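# Geometric and topological summary
So you can see what is in the structure, the chains are spelled out below.
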Amino acid sequence: MRFSKDDFYPGLFGAAESGGETYAAPNDVNPDMFWYDKKALAAAGITEDPATLAASDQWTTATFLQMCDKLKAAGLTGAMFWNYWATHYSWISAQGGKAYDGDSFVGATDATTVSAVTTLGQYFQSKTFVVADSLPEGAGADSLFVRHKAGFFVQGRYTIGTLKSAGVQDDYDVVRWPTVDGKAASTGVAASYLAINKNTKNADAAYLFWSEFLNAEGQKFRLQGGGNAVPSVKGADSVVLEGYPAHAQSILDARDIGFVNYAAEAKVPGLSSDISDLFLKLYEGKADAQGTLDAVAALATEKIGK
């Protein structure tokens, strides 16, 4: 039985589409989510539960930042983020800003985006936020998180494996990105893709593997038991709702309204990495928000040509 693009959730194809043609399909996906440590929050005197706040659209950026300030004051890390496209673009989107308009990077001239990135930079520079990539070996983000040294860790569903292997899963839950008004916003969804070489001499076998790997049954098989990702195809969501974390539905909700990396950027080899390097300078206090966004705009224009 053949299946089609319509079997996949919309919005997940990104750079796999070009000129009205689709060249590959998403293997599975991972919405970046705010995993949080209930013990760390309590240690900082925080009594509100982020997921409970989100359920009533009260999970605001102001509330989140206040929690991070309290965590920092208690000698803990507020939040840890990986330095890649989904961090800076999700933050911009969640705060009502805009990074791209079509193939053009417009964040440098959008006042809301500049303000959002200014706040992001300030919280990294104060060490309230931490770049997970930069932590030393032996004291990495996973270690800090399972030892209740950080309130929030922003990453994908593979977090379940880390928490369960440490035997601390009952102390943690998950929530969507905080926003200005508390309502859900579109945020980043990491995705990879699988294509078939049109010149293969074994087209039938290649299609059989491709379809069995990507269809609902294939994704259920690969992702069951606390697997490390989220289905990209319809009919397999039950693997995410196996009982952990308590608010696992929010992961699916984030996928449904989220976005993969902007196609204009993702299609240019190395561009996303180079842009992340520019944001790292901001986080390290070596650049300001406007200068960072101006540099991103210049680089994007040079590499994309628009």
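Note: the structure precedes this text.
The text that follows walks through the structure, step by step, so that each part is easy to find. (Residues numbered from 1 in each chain as written. Predicted model: local features only at pLDDT ≥ 70, side-chain atom pairs only at ≥ 80, totals over all residues. Heavy atoms only, no water.)

## Quick word on the overall build of the protein chain
In terms of helices and strands, the protein chain carries 13 helices and 11 strands. Computed over its C-alpha atoms, the radius of gyration of the protein chain comes to 20 Å, within 12% of the 19 Å expected for a compact globule of 306 residues. C-alpha atoms of the protein chain, sized along the principal axes, occupy 60 × 45 × 40 Å. Residue burial in the protein chain is summarised as follows: out of 306 residues, 51% are buried. A fraction of 73% describes how many contacts in the protein chain between residues 6 or more apart in sequence connect residues 24 or more apart. Within the protein chain, one finds 25 positive and 35 negative side-chain charges whose respective centroids are separated by 2 Å. (Helix = DSSP H or I, 4+ residues; strand = E, 2+ residues; numbered from the N terminus. Rg over C-alpha atoms; globule rule 2.2 N^0.38 Å. Buried < 20%, exposed > 50% of the residue type's maximum accessible area, 1.4 Å probe, protein only. Contact = heavy atoms within 4.5 Å. Lys, Arg positive; Asp, Glu negative; His and termini not counted. Charge placed at Lys NZ, Arg CZ, Asp CG, Glu CD.)

## Side note on the pairing of strand S9 (residues 150-155)
Here S9 lies mainly inside the structure; 6 of its 6 residues are buried. Where strand S4 (residues 33-37) lies against S9, 4 bridges are found, and the strand directions are antiparallel. Within the sheet, the bridge partner assigned to Phe34 lies in S9 and is Val154. Here 4 bridges tie strand S5 (residues 77-81) to S9, and the two strands are oriented parallel to one another. In the sheet register, Thr77 faces S9, and the bridge partner there is Ala150. (Pairing = 2+ DSSP bridges.)

## Focus on the pairing of S4
Burial analysis of S4 places 5 of its 5 residues in the buried class, the great majority of the element. Both faces of S4 are covered, namely the face carrying Met33, Trp35 and Asp37 and the face carrying Phe34 and Tyr36. Pairing analysis gives 4 bridges linking S4 to strand S10 (residues 172-175), with the strands arranged antiparallel. Paired with Asp37 across the strands is Tyr172, a residue of S10.

## Side note on the pattern of salt bridges
A full pass over the atoms with the stated rule returns 9 salt bridges. A salt bridge links Glu17 to Lys5; the nearest nitrogen and oxygen atoms lie 2.1 Å apart. A residue pair is termed long-range when its members are at least 10 positions apart, and Glu17 in strand S1 (residues 17-18) and Lys5 in the segment before S1 qualify at 12 residues. Accessibility expressed as a relative area gives 28% for Glu17, which makes it partly exposed. (Salt bridge = Lys/Arg side-chain N within 4 Å of Asp/Glu carboxyl O.)

## Brief notes about the sheet that holds S4
Taken together, the 5 strands give an open sheet; going across it, the order is S8-S5-S9-S4-S10, and neighbouring strands pair in mixed fashion. Looking at strand neighbours, the two that pair on one side only are strand S8 (129-131) and S10, the edges of this open sheet. Going from strand to strand, the sheet's axes swing by 25 degrees on average, the running direction of each strand aside. Sheet analysis places S5 next to S8, joined by 3 bridges and oriented parallel. When the bridges of S8 are listed, Met80 appears paired with Val130. In this fold helix H5 (residues 111-125) packs onto S5 and S8, with an angle of close to 80 degrees to the strand it touches most, S8. (Axes fitted to C-alpha atoms, helices over the stretch in contact; angles between N-to-C directions.)

## Describing the packing of aromatic side chains
For the structure shown, the criterion picks out 30 aromatic pairs. Seen from their ring centres, Trp91 and Phe129 are 6.1 Å apart, and the 75 degrees between their planes marks the pair as edge-to-face. In this pair, Trp91 is assigned in helix H4 (residues 85-94) and Phe129 in strand S8, connecting sequence segments 38 residues apart. Neither residue differs from the other here; Trp91 and Phe129 are each classed as buried. Just above the ring of Phe213 sits the side chain of Arg222; from NZ or CZ to the centre is 3.9 Å. Between the NZ or CZ atom of Arg255 and the centre of the ring of Tyr9, over which it lies, the distance is 3.6 Å. (Phe/Tyr/Trp six-rings, centres within 6.5 Å; stacked < 30°, edge-to-face > 60°. Lys NZ or Arg CZ within 6 Å of the ring centre and 35° of its normal.)

## Here we look at the side chain of Thr292
Considering the arrangement of structural elements, one finds Thr292 in helix H13 (residues 289-304). In contact with Thr292, other than residues within four places in its own chain, are Leu278, Phe279, Leu282 and Ala287.

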